[in-house]
Amino acid sequence: MSDERSGTTGRRQRFDDVMSTLRSRLLDGEYPLHSLLPAERDLAAELGVARDTVRSVLTELANEGWVERRQGSGTRVIRVPEGIRSARSTDQSGQPASLEWFMDQAFARAEVTLDVFTLTAESLNNQLRRLDERIQRGKLEAPQRIVLRMMLPDPELDMPYPQSLDPQYREAMRERQRELAEWHSGEVKGRLLTFKARGSVETVDVEIRHVPLTPPFKVYLMNGEEMLQAYYVVGERPLVLKRLETEIQALDALGLIAKFTHFVKDSDDPNHALLVEGTQAWFDSLWKNLAK
């Protein structure tokens, strides 16, 4: 690996780590509505990263509409996620839930099969990083077996989002999307295989395929019995194309805004069972006939 690529990978890793931490704090309510976040220099010192990394993450959160940044006034929380940290019971069917809660339930099982259809795998990557940290600290016993089938959009697909509103930057946006998906999906696979290499998990099977479809929602199916689903909320926001050092206006899927709903096959409501079974059959059909 070249020094240039290694440096780029390291910067991306640090950015993702800080983003994951700050998003978790927003979800946990550690930073309530209208509260001020710590100063950039304080966050950088606490998290052990450069101030520029913190600044980039805060800029991204501002672009997504979660915080407001004003020179001389700091960074203030202007919106908090709804329906977060639902009660951790087994009767969540049809109720708001979080991906963190769902992944905690998955990793509490001896054997877990996850079928995932998503846009970039960023959220799953962040969750596996969090669970990995808990496993390494001895706070969590990993499953004995993990099977992951993940579908992502074909990297050559001309998707309606994310999409530059200015035609001259559309190819650059496609390249940005390809790099994000490649990075996060690679991290997901690598992290799961590391579980096996360290002996944390006895058996790991990971397969990632691509489909010629833009997902209107992200879906996580667990053991064919439970499902977490959230529709992507599409909106206009500024994005920075780092290679071109240019800020553009784009239509993008705002993943953090997406509200997850949890469905259980073994539910009192037969419609929930039909939805889980139907979604599993839909996923299987795409995997068999369209995914490559």
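Structure's up top.
It should be emphasised that the depicted structure is a prediction, and the values quoted were computed from it without experimental measurement.

1. Quick word on the overall build of the chain
Line of reasoning, step 1. Helices and strands together make up the secondary structure of the chain, namely seven helices and 12 strands.
Line of reasoning, step 2. Considering only contacts in the chain between residues 6 or more positions apart, those separated by 24 or more positions represent 72%.
Line of reasoning, step 3. In the form shown here, the chain has an accessible surface area of approximately 14,700 Å², with 47% of it arising from carbon and sulfur atoms.

2. A short note on the packing of aromatic side chains
Line of reasoning, step 1. For the coordinates displayed, the defined rule picks out seven aromatic pairs.
Line of reasoning, step 2. Between Phe117 and Trp282, the aromatic rings sit 5.7 Å apart at their centres with planes inclined by 55°, giving tilted as the arrangement. Here the residue Phe117 occupies a position in strand β4 (residues 111-117), and Trp282 occupies one in helix α7 (residues 270-289), the gap between them amounting to 165 residues.
Line of reasoning, step 3. The class of Phe117 is buried, set by a relative accessible area of 1%.
Line of reasoning, step 4. Ring geometry for Phe283 against Trp287: centres 6.0 Å apart, planes inclined by 15°, an arrangement best described as stacked.

3. Considering helix α3 (residues 51-63)
Line of reasoning, step 1. Taking 1.5 Å of rise per residue, 13 residues should cover 18 Å, and α3 covers 18 Å from first to last C-alpha, within 8% of that figure.
Line of reasoning, step 2. Here α3 has its buried residues at Thr53, Val54, Val57, Leu58, Glu60, Leu61 and Asn63.
Line of reasoning, step 3. Once α3 finishes, Gly65 follows within two positions and takes phi at roughly 90°, a positive value.

4. A short note on the pattern of salt bridges
Line of reasoning, step 1. A full pass over the atoms with the stated rule returns 27 salt bridges.
Line of reasoning, step 2. One salt bridge connects Arg130 with Glu100, and the closest N-O pair in it is separated by 3.6 Å. On the criterion of sequence distance, the pair formed by Arg130 in helix α5 (residues 122-136) and Glu100 in helix α4 (residues 99-107) is long-range, its members being 30 residues apart.
Line of reasoning, step 3. Note on Arg130: relative accessible area 14%, which makes it buried.
Line of reasoning, step 4. For the salt bridge of Asp104 with Arg130, the shortest nitrogen-to-oxygen distance reads 3.0 Å. Of the two residues, Asp104 sits in helix α4 while Arg130 sits in helix α5, which places them 26 residues apart along the sequence.
Line of reasoning, step 5. Taken together, the shared-partner salt bridges in this structure form one network comprising Glu40, Arg51, Asp52, Arg55 and Arg69.

5. Remarks on the environment of Gln177
Line of reasoning, step 1. Topologically, Gln177 is positioned in helix α6 (residues 170-198).
Line of reasoning, step 2. Once the C-alpha coordinates of Gln177 and Gln163 are considered, the two residues, 14 residues apart in sequence, prove to be 9.4 Å apart.
Line of reasoning, step 3. For Gln177, the contacting residues outside a window of four places in its chain are Leu119, Thr120, Met159 and Pro162.

What counts and how
- Residues numbered from 1 in each chain as written.
- Predicted model: local features only at pLDDT ≥ 70, side-chain atom pairs only at ≥ 80, totals over all residues.
- Heavy atoms only, no water.
- Helix = DSSP H or I, 4+ residues; strand = E, 2+ residues; numbered from the N terminus.
- Contact = heavy atoms within 4.5 Å.
- Areas by Shrake-Rupley, 256 points an atom, 1.4 Å probe, with all protein chains shown as cover.
- Phe/Tyr/Trp six-rings, centres within 6.5 Å; stacked < 30°, edge-to-face > 60°.
- Buried < 20%, exposed > 50% of the residue type's maximum accessible area, 1.4 Å probe, protein only.
- Expected span 1.5 Å × (residues − 1).
- Salt bridge = Lys/Arg side-chain N within 4 Å of Asp/Glu carboxyl O.

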